[in-house]
Amino acid sequence: MSRTNDPTPGAAASVDMAALRTHPIALVPALLVCGAAVLLFGLMVPIAGYAMLAAGLIAAWLCDRSGRTERLAADLALIAVGQVIISTVSLKADLSDEGMVRFAVVLGLAVLVPYVISRFVYRERTITFPWRTGKRWNRTQWLYLIFVTLAGWLILPFYFITSGVYQNWPTVTEPDSIGRLLVGVIAVGTWDELFFICTVFVLLRRHFPSWQANLLQSIVFVSFLWELGYQSWGPLLTIPFALIQGYTFKLTKSLTYVFVVHMLFDAVVFAVIVYAHTGWPAIFLLTP
C-alpha cells in the first residue's frame, strides 16, 4: 500500500512538491522519533530519549531500504537533530543575560541546522517560512483572533494561578525583569512556530495525512512546553493549542497568521505572569 501527500506549501514557488512513497508502517519510526520528546523534555531522561531517537531513525532507514517508504529517515533525522540540540540546555525560564543568550543560540540552532541541511545538503525546499502569502485575511480569520484573545483572557489566569505554574517563571516585579520576560515570551513564541509548525509539521506532512502529522508534531510541541513551565494540568490547554496551530497553518499556509495567533495568546500569558507576581494589571475576570 502506498500513498502520496501534498505538503503544505510555505510559498507556492519555493516548496519541494515531489510526491514521496509512503506506507502505514512509517508511523512506527515517526512515533519513536516524536515520542522521544516526552523522554527528553517531559521526563528529562536524555539517555533514554537519545536511544529512542536512534531506534526511530534505524527503523526509518529500514523502511526506506525495504522500498515501502522514501526519504523517511532523512526527514525524521532533521526532526531528531532539532530535538537533540534543544536537549543540550535546560528549558527552565532564565531571564539573566547568560540564560537569554543561551536560549537564543540553542533554539536558533534547532531551527537553523535542519533548514541548512534540508536546503544545502538535501537540496530540497521543504522547510520554508511563509511570512507573506499575498492573501488577505478573511472575516473568519479576524473573528478567530478575537476569539483566541478572549479565550486566553478567560482561561489562562485561572490555570496559571490555581495550579501555581506561574512560579515556573522568575519573579518579575521590576521594569527590567518585566521587559526581559516580554522579550523572552515573544522570542520563544516565535520560535515555536518556526520549529514545531514550519519544520516538524511540514516534514511530517510529506509522509503522513495532515491529521497524523499534526498529532505527531503536537507530541513534540507539548513536551517542550511542559519543560518550559506549562505543567500541572497544562497539557489540557497545550495539546489543543498545538493541534489547532497545526490545523490553522494547514488551512492558511501562512506563518504570519499562526504567529499572530500565538502572540495574542502569549500576550495574555505575559500579563497573567506579571499579574500573579505584582497584582497588576487587574484586568482578569476569572482569578482566584
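Residues numbered from 1 in each chain as written. Predicted model: local features only at pLDDT ≥ 70, side-chain atom pairs only at ≥ 80, totals over all residues. Heavy atoms only, no water.

*Asks:* Even after reading the chapter, I still don't get the nonpolar core, so can you show me in this structure?
*Replies:* For soluble globular proteins, the rule of thumb is that nonpolar side chains tend to be buried together. Counting residues in each nonpolar core, the largest one holds 80 residues, and the members touching the most others are Ile86, Phe160, Leu181, Trp191, Leu204 and Phe224. Take this core: its biggest share by element is 15 residues, from helix α6 (residues 175-205). Residues within four places of Leu204 in sequence aside, it is in contact with Cys34, Leu76, Ile79, Ala213, Leu216 and Gln217. (Core = buried A, V, L, I, M, F, W, Y, C linked by side-chain atoms within 4.5 Å. Buried < 20%, exposed > 50% of the residue type's maximum accessible area, 1.4 Å probe, protein only. Helix = DSSP H or I, 4+ residues; strand = E, 2+ residues; numbered from the N terminus. Contact = heavy atoms within 4.5 Å.)

*Asks:* Before we go on, may I ask you to explain helix α2 (residues 46-66) in this structure?
*Replies:* Because an α-helix completes one turn every 3.6 residues, residues spaced three or four positions apart along the sequence face the same direction. For α2, built from 21 residues, the straight-helix expectation of 30 Å at 1.5 Å per residue is met to within 8% by its first-to-last C-alpha distance of 30 Å. Buried within α2 are the following residues: Gly49, Leu53, Gly56, Ala59, Ala60 and Cys63. Buried residues of α2 fall within an arc of 130 degrees about the axis and therefore sit on the same side. Turned more than 90 degrees away from the buried face of α2, the exposed residues are Ile47, Ile58 and Arg65. On its buried face, α2 is in contact with α1 (27-42) and α3 (72-86). Just downstream of α2 lies Gly67, where phi reads positive at about 90 degrees. (Expected span 1.5 Å × (residues − 1). Arc of directions from axis to C-beta.)

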